[in-house]
Amino acid sequence: MRIPIIAGNWKMNNTLSQSIDLVKKIIEKYLREEVEVVLAVPFTSLYEVKKLLEGTKIKLAAQNMHWEDKGAFTGEISPLMLKEIGIDYCIIGHSERRQYFNERDETVNKKIKAALKHGIRPIVCVGETLEEREKNIHEDIVKNQVVKAFEGVDKDHIKDIVIAYEPIWAIGTGKTASSEEANKMCSLIREAIGHIYGEEAKNTIRIQYGGSVKPDNIKELMEKEEIDGALVGGASLNAEDFIDIVNY
Ligand code: PGA
C-alpha cells in the first residue's frame, strides 16, 4: 500500500516570522494520520520550522539544493547543510527552476543522486508546457524527463523517491488538469518507472499531482488510482485551505 503524501510548496513566500505563524496554525489543527504531510519552506525558515515540527508527524522539505557537498558555488545550498538541519525531503526540478533558473534534466539527475547519498528524499517534478501539450508531445516529454532524471539511480532507492506530475499550464493558473487526465499522466509515469525498474518498483513509487490543487478538487484527485498525493502551491499558504486539503 502506498501512503498518501501531501506537500505544501511555499515557494518564495513567508519571511521567518510569517513561517513561524503559519506552521503554528497548521500544527494546532487536526491533520489526518494516514496522510504523510510535508512542508517545503524557504531556506531561511528551515531551521526554526524544524524546531517547531519536533514531536509532530509533519515532515520538512527544502525546495532546491546543489549537488556538491561544498565548494565555490556562491549563493548555493548543499545537501550537507540541509541534512544537518534535519530535512526529510527536497523538491528537485520544479518547473519554476527549470523555467527561470536553467535547471536541466542533467542537473536534476545529479541532485537526485546527491540527495539520496545524504538520506534526503527527493520529490522529483516533471511536467509539460502548454505548447508541448498542444503539439500533443506531452507524453513523450514527460516520459523523457523521467528517464533522464532516474539515469543511474539505484532500484533500492525507489521507495525513497516521490514524483510530482505538474503540468506547467496548471501551476498557479487556477486551471487544474481533469482528474482523469492527471490520473492518465501519473499512470504513464508509473509505466515508465516499471519499464526501467520492474513491477515492484512500479507499484511502490509514489506519484503526486500538482497544479492548482484546492480544497474543492483534492478529493476527486485522490480518488484516482494512480494519484498518491498532491504538491500544493498557492493553497498551502493559507492554513485553513491546506488543512482542508490534507483532511480531504
Ligand atoms: P499551485 O503550485 O498549487 O499554486 O498551482 C503548485 C506547484 O508549483 O507546486
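Residues numbered from 1 in each chain as written. Predicted model: local features only at pLDDT ≥ 70, side-chain atom pairs only at ≥ 80, totals over all residues. Heavy atoms only, no water.

## Overview of the nonpolar core
Counting 66 residues, the largest nonpolar core has Leu 39, Ile 112, Phe 150, Ile 193 and Tyr 209 as its most contacted members. The biggest single contributor to this core is helix H8 (residues 179-197), with 8 residues. Excluding anything up to four places from it in sequence, Leu 39 contacts Gly 8, Trp 10, Val 23, Ile 26, Leu 53, Ile 58, Lys 59, Leu 60, Ala 61 and Phe 242. Ala 7, Ile 123, Cys 125 and Ala 164 belong to the second-largest nonpolar core, a separate cluster that totals 12 residues. (Core = buried A, V, L, I, M, F, W, Y, C linked by side-chain atoms within 4.5 Å. Buried < 20%, exposed > 50% of the residue type's maximum accessible area, 1.4 Å probe, protein only. Helix = DSSP H or I, 4+ residues; strand = E, 2+ residues; numbered from the N terminus. Contact = heavy atoms within 4.5 Å.)

## Quick word on the environment of Asp 244
Considering the arrangement of structural elements, one finds Asp 244 in helix H11 (residues 239-246). Residue classification places Asp 244 among the partly exposed residues on the basis of a relative accessible area of 43%. Measuring from C-alpha to C-alpha, the distance between Asp 244 and Ile 218 comes to 9.1 Å, with 26 residues separating the pair along the chain.

## Observations regarding the site of the ligand
The full set close to the ligand counts 13 residues, and Lys 11, His 94, Glu 166, Gly 172 and Ser 212 are the nearest of them. Here an oxygen atom of the ligand and a side-chain polar atom of His 94 are 2.7 Å apart. The separation between an oxygen atom of the ligand and a polar main-chain atom of Ser 212 is 2.7 Å. Protein chains shield 96% of the accessible area of the ligand, which is 280 Å² for the free molecule. Of the residues assigned to the shell around the ligand, the class counts are 4 nonpolar, 7 polar and 2 charged. (Near = heavy atom within 4 Å. Polar contact = N/O pair within 3.5 Å; in protein donor to acceptor, adjacent residues only side chain to side chain. Areas by Shrake-Rupley, 256 points an atom, 1.4 Å probe, with all protein chains shown as cover. Nonpolar A, V, L, I, M, F, W, Y, C, P; charged D, E, K, R; others polar.)

## Here we look at the pattern of salt bridges
Note that side chains of opposite charge can pair when their charged atoms are close. Applying the stated criterion to the full structure yields 23 salt bridges. Here Glu 34 and Arg 32 are joined by a salt bridge, their closest N and O atoms 3.1 Å apart. Residue Lys 159 pairs with Asp 160 through a salt bridge whose shortest N-O separation is 3.6 Å. Classification of Asp 160 by relative accessible area gives buried; the value is 17%. One salt-bridge network, in which partners are shared between bridges, spans Arg 2, Arg 190, Glu 226 and Asp 228. (Salt bridge = Lys/Arg side-chain N within 4 Å of Asp/Glu carboxyl O.)

## Concerning the sheet that holds strand S1 (residues 5-9)
Strand order around the closed barrel formed by 8 strands is S1-S2-S3-S4-S5-S6-S7-S8, with parallel pairing between neighbours. On average, adjacent strands in this sheet sit at an angle of 25° to one another, irrespective of strand direction. Across 4 bridges, the pairing between strand S4 (residues 89-92) and strand S5 (residues 121-126) is parallel. The residue bridging Cys 90 from the neighbouring strand is Pro 122, located in S5. The sheet contacts of helix H2 (residues 43-53) involve strand S2 (36-40) and strand S3 (59-62), and relative to S3 the element is tilted by about 175°. (Pairing = 2+ DSSP bridges. Axes fitted to C-alpha atoms, helices over the stretch in contact; angles between N-to-C directions.)

## What about the side chain of His 66?
Checked against the element boundaries, His 66 lands in the loop between S3 and helix H3 (79-85). A residue is classified by how much of its surface remains accessible, and His 66, at 7% relative accessible area, is buried. Among the polar contacts listed, one links the side chain of His 66 to the backbone nitrogen of Glu 68, at a separation of 2.9 Å. With sequence-adjacent residues up to four places away left out, His 66 is seen in contact with Phe 73, Glu 76, Ile 77 and Pro 79.

## Comments concerning the environment of Arg 32
Tracing the backbone through its elements, the reader meets Arg 32 in the loop between helix H1 (16-28) and S2. C-alpha separation for the pair Arg 32 and Val 246, spaced 214 residues apart in sequence, amounts to 6.9 Å. Look past the residues within four positions of Arg 32 in its chain and what remains in contact with it is Val 246, Asn 247 and Tyr 248. Here the side chain of Arg 32 touches Tyr 248 through a polar contact of 2.8 Å, landing on its backbone oxygen.

## Some points on the pairing of strand S8 (residues 229-232)
Side chains of S8 alternate between two faces, with Gly 229 and Leu 231 and Ala 230 and Val 232 buried alike. Bridging between S1 and S8 involves 4 bridges; their strand directions are parallel. Following the sheet pairing, Ala 7 is matched in S8 by Leu 231. Sheet topology note: the strand S7 (residues 206-210)/S8 ladder contains 3 bridges and is parallel. Bridge pairing in S8 places Gly 210 opposite Leu 231.

## A word on the packing of H1 against H2
Between H1 and H2, the shortest axis-to-axis distance is 10 Å and the interhelical angle comes to 30°. Accordingly, the angle class assigned to the pair H1 and H2 is roughly parallel. As for the relative orientation of H1 and H2, their crossing is right-handed in sense. Residue-level contacts link Leu 16, Ser 19, Ile 20, Val 23, Lys 24 and Ile 27 of H1 to Thr 44, Ser 45, Glu 48, Val 49, Leu 52 and Leu 53 of H2. Here the residues of the contact of H1 with H2 sort into 7 nonpolar, 3 polar and 2 charged. (Parallel < 35°, antiparallel > 145°, perpendicular 65-115°, else oblique. Left-handed = near helix turned anticlockwise from the far one by under 90°.)

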